[in-house]
Amino acid sequence: MKPKTVVRSLLTCLTLALFASVALAQSVGGSVVIAINAEPDSLDPQKSATAVVNQVMRYIGDTLVNKDLDGNYIAGLATSWTPSEDDKVWTFTLRENVKFHNGKPVDAEAVRASFLRAKDPATQSPVAAGLLAPVDDVVVVDDYTVEFHLARPYYLLIENLTQQALALVDAEAAAELGAEFNRSPVLTGPWKVGPWASGSRITLERNPDYAWGPEYAHDGPAYLGQIVFQIVPDQATATAAFEAGNVDVLTVAPSDVQTLESTGKYSMLSFMRKGLGLYMAYNVNRAPFDDLRVRQALAYLIDKDALVAVSLRGLGQPACGPLPPSIAGYWDGICSYSAPYDPARGLELLVEAGYTSQNGKLVKGGQPLAFSILTSSTYGWPQSAQVVQAMLKEFGIDVTVELVEHTTLLAQGREGSHQAIFLGYTYTSADILNSYLNSANIGTGYNWAHYADPEIDSRLALSRSTSDDALRQETYAELQRMVLDLGLWLPLWINDNYVALQPRVQGAQLSKEGFIALLDAYVE
C-alpha cells in the first residue's frame, strides 16, 4: 500500500471515530432543569406575552420568520417572503412537511386560521393582535403559499412575525380545547407541553417528529428528552438549588454573580437586557396619581444610581425612559431630558399639588401622601421596592409594598385596581410602546397606566405606517418624551442579564437577544 493511501485510510478511520464519539456524546435523552421566577398565566402564545411566557414559548413554538443567533432574519416556518411593489401584499412560501404537536399537517389554511384567531377580538390577545393590526387579511394562494394583505405599508411586519406571540397555533385544537388550550397548547416546536404541576414545574417533552429547525442547529429533533421549568419565585432558593445541582440553568441575581463566577465551576453568559428590568407604572385614575404633579415629583425624589447600586450590585444602569439603548428606536437624548435626582424640585411640585409638611409627613386636606406599590418576587423587584419605600419615607411619603404572585400582579394591573405597579419587559423593537401606550389596550392588554390619549394613539399609528426611517425615529423619540412629560411611568433600571449553566449542559448557545438555544444541547 502506498504511503498516501495509508494516510488517507488513517484519516478516514479517525474521522469516523470522531463522528462516532460526537454522536455518542450527543445521545438523545436526559433533561435540563431551568429555574423561572413566576408561573406563566397561559402558554397560548396569543393569550399572553409576558417575559416568563416567552422563556417557555421559544422551545414549544415556531414562527413564520426566525432569527439567527446574531439577530438576522432567517427562514422559519416560511422559507421565503417577498413584498409587492407597493409593500401592501407580502407573499410567503411555507415549509412543507411541518406538523403540529397533534400530528396535523401545517398548510396555508392552518396558517391563515392561526393568524385570524390572533386578530379576532374574541381572543382578547394582549400583544398578538397589535402585532397584526395593519393586516387586513391572510389569503391562501395554494397549499403552501399565503399572502398577507395590509391596509398600509408596514415596515415592522417581518420583525413582528419573529415574535413568540405569533408562534403558530392549531386554531381548530384551540377551539375544541377551550380554556384547556392555555395549559396544553398545540404548536409546532421541538418540545411540547407535558405535565404541568401548578406552582411547581412545567415539563416539556421532546417532539420526535421535529425536522424543521433553524439553520444554526442540526437537522432533526432535539437531543434533550425533556426541559423542565422549575417555578422558584424566591431567588435565594433558586440559587441554592443551582449550587446543589438540582437546577441546570439559572438566571443569576446580581448579588450572586461574583460568588458563582469565583467558583470556576459554571459557564457564565451575560448580555444587556433588551427592555427595562424595572419601571413603576402609575394608575392615573387613582389618587394620588390622578395628579400629574405627584407623578412628576417622584421622578425627582428617587435616586436611581443608589437604587442600581443596592438592588443590582451595580450590574446595570439607571433607566431614563421607556426604551433601553439595546433596542433600535431608543432616543439618545432621553437621559438629558429625564428628571435628575433633585429632591428640592420634587418637593416644590408636591407643594404646588397642595401638600404641606406636618410632623414629618406630607399632608393634603388632612390626608397623608401615601400609596401602595404592587410587585412580584421577580429578582431585584422586592429589594427595589424596599429601597424606594425608604427613599420616599425620608420626604414624608408613606409607601406600602404589596408582594403578590406574578399572575395576580398582571390581573390587577389589567383591572386597574393598583395605585403603582412594578413591571419590566423584554422585547426586540420599539414597537413595544404600542402594547403599553395604546388606549385600545386598557383593561385587556398592557396599558398599565390606564391612560387614553388620542395624540399618543396617532403617533403610535404613524410609527407603524411610515416608510420614512427618520420620521419613525423622531416619532419614537416623541413617544418617549411623552411618557415622561405625562408621568405615566417612572423608569428605574436596566439590568445586565447573567445566566449560569451547570458543566454537564453542553452545546447550549446564547443569542444576542438573550435566548438560550437548546436544540444542539445535550447532557453529559
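Residues numbered from 1 in each chain as written. Predicted model: local features only at pLDDT ≥ 70, side-chain atom pairs only at ≥ 80, totals over all residues. Heavy atoms only, no water.

Student: Let's hear about the nonpolar core: which residues, and what values?
Tutor: Core analysis: the biggest nonpolar cluster contains 148 residues, and Phe92, Phe148 and Met280 have the highest contact counts within it. Considering each element in turn, this core owes the most residues, seven residues, to strand β21 (residues 489–501). Sequence-distant contacts of phenylalanine 148, defined by excluding residues within four places in its chain, comprise Leu64, Lys88, Val89, Trp90, Phe92, Phe115, Val135, Asp137, Val138, Leu157 and Leu161. The next biggest cluster of nonpolar side chains, apart from the first, holds 15 residues, and it includes Val232, Val257, Leu260 and Tyr266. (Core = buried A, V, L, I, M, F, W, Y, C linked by side-chain atoms within 4.5 Å. Buried < 20%, exposed > 50% of the residue type's maximum accessible area, 1.4 Å probe, protein only. Helix = DSSP H or I, 4+ residues; strand = E, 2+ residues; numbered from the N terminus. Contact = heavy atoms within 4.5 Å.)

Student: Give a detailed account of the pattern of salt bridges, specifying residues and quantitative values.
Tutor: Inspection of every chain in the model, using the stated rule, returns 17 salt bridges. Glutamate 159 serves as the salt-bridge partner of lysine 67, at 3.0 Å between the closest nitrogen and oxygen. On the criterion of sequence distance, the pair formed by lysine 67 in strand β2 (residues 65–67) and glutamate 159 in helix α5 (residues 157–160) is long-range, its members being 92 residues apart. Summarising the burial analysis for this pair, lysine 67 and glutamate 159 share the class buried. With its nearest N and O atoms 3.1 Å apart, the salt bridge here joins arginine 293 to aspartate 291. One network of salt bridges, in which partners are shared, links Lys67, Glu159 and Glu513. (Salt bridge = Lys/Arg side-chain N within 4 Å of Asp/Glu carboxyl O.)

Student: For the state of the cysteines, give the residues involved together with the corresponding values.
Tutor: Counting across every chain of the model gives one disulfide. The disulfide bridge from cysteine 320 ends at cysteine 335, spanning 2.0 Å between sulfur atoms. Taking the sign of the torsion about the S-S bond as the criterion, the disulfide between cysteine 320 and cysteine 335, at about 90°, is right-handed. With cysteine 320 in the loop between β14 (316–318) and α11 (334–337) and cysteine 335 in helix α11, the pair connects residues that are 15 residues apart, well separated along the chain. Overall, cysteine 335 belongs to the partly exposed group, its relative accessible area being 41%. (Disulfide = S-S within 2.5 Å.)

Student: How would you explain the side chain of glutamine 480 if you had to name every residue and give the values?
Tutor: Assignment of secondary structure puts glutamine 480 in helix α17 (residues 469–485). Here glycine 329 takes part through its backbone oxygen, which lies 2.9 Å from a polar atom of the side chain of glutamine 480. If we skip the residues at most four places from it in the chain, glutamine 480 touches Pro322, Leu323, Gly329, Tyr330, Trp331 and Ile334. (Polar contact = N/O pair within 3.5 Å; in protein donor to acceptor, adjacent residues only side chain to side chain.)

Student: Please give an account of the packing of helix α9 (residues 292–301) against helix α12 (residues 343–352) that cites residues and values.
Tutor: Between α9 and α12, the least distance of the axes is 7 Å, while the angle of their chain directions is 165°. It follows that α9 is roughly antiparallel to α12 by the angle criterion. Where α9 crosses over α12, the handedness of that crossing is left-handed. On the side of α9, the interface is formed by Arg293, Val294, Gln296, Ala297, Tyr300 and Leu301, while α12 contributes Pro343, Arg345, Gly346, Leu347, Leu349, Leu350 and Glu352. Of the residues that constitute the contact of α9 with α12, the class distribution is eight nonpolar, two polar and three charged. (Axes fitted to C-alpha atoms, helices over the stretch in contact; angles between N-to-C directions. Parallel < 35°, antiparallel > 145°, perpendicular 65-115°, else oblique. Left-handed = near helix turned anticlockwise from the far one by under 90°. Nonpolar A, V, L, I, M, F, W, Y, C, P; charged D, E, K, R; others polar.)

Student: Which residues make up the sheet that holds strand β15 (residues 356–358), and what values go with them?
Tutor: Read across the sheet, three strands follow the order β15-β16-β17 without closing on themselves; strand pairing throughout is antiparallel. Across the chains shown, the open sheet's two edge strands, defined by having one partner strand only, are β15 and β17 (367–368). (Pairing = 2+ DSSP bridges.)

Student: Hey, could you go over the pairing of strand β10 (residues 226–231) for me, with residue numbers and the actual values?
Tutor: Across the six residues of β10, five count as buried, placing the element largely inside the fold. As paired strands, strand β1 (residues 31–36) and β10 are joined by six bridges and run parallel to one another. When the sheet's bridge partners are listed, isoleucine 34 is paired in β10 with phenylalanine 229. Direction of pairing for strand β9 (residues 201–206) relative to β10: antiparallel, over a ladder of five bridges. Note that in β10 the partner of arginine 201 across the bridge is glutamine 230.

Student: Tell me about the sheet that holds strand β7 (residues 145–150), and name the residues and values.
Tutor: Strand order in the open sheet formed by four strands is β4-β5-β7-β6, and the pairing between neighbours is antiparallel. Every other strand in the sheet has two partners, leaving β4 (78–83) and β6 (135–142) as the edge strands with one partner each. Averaged over all pairs of adjacent strands, the angle between their axes in this sheet comes to 20°, without regard to strand direction. The pairing of strand β5 (residues 89–94) with β7 spans five bridges and is antiparallel.

Student: An account of the pairing of β5 is requested, with residue identities and associated values reported.
Tutor: Alternating residues of β5 divide into Trp90, Phe92 and Leu94, all buried, and Val89, Thr91 and Thr93, none buried. Where β4 and β5 come together, five bridges link them in antiparallel fashion. Note on β5: the bridge partner recorded for serine 80 is threonine 93. The hairpin formed by β4 and β5 contains five residues between the paired strands, and aspartate 87 there has a positive phi angle of roughly 65°.

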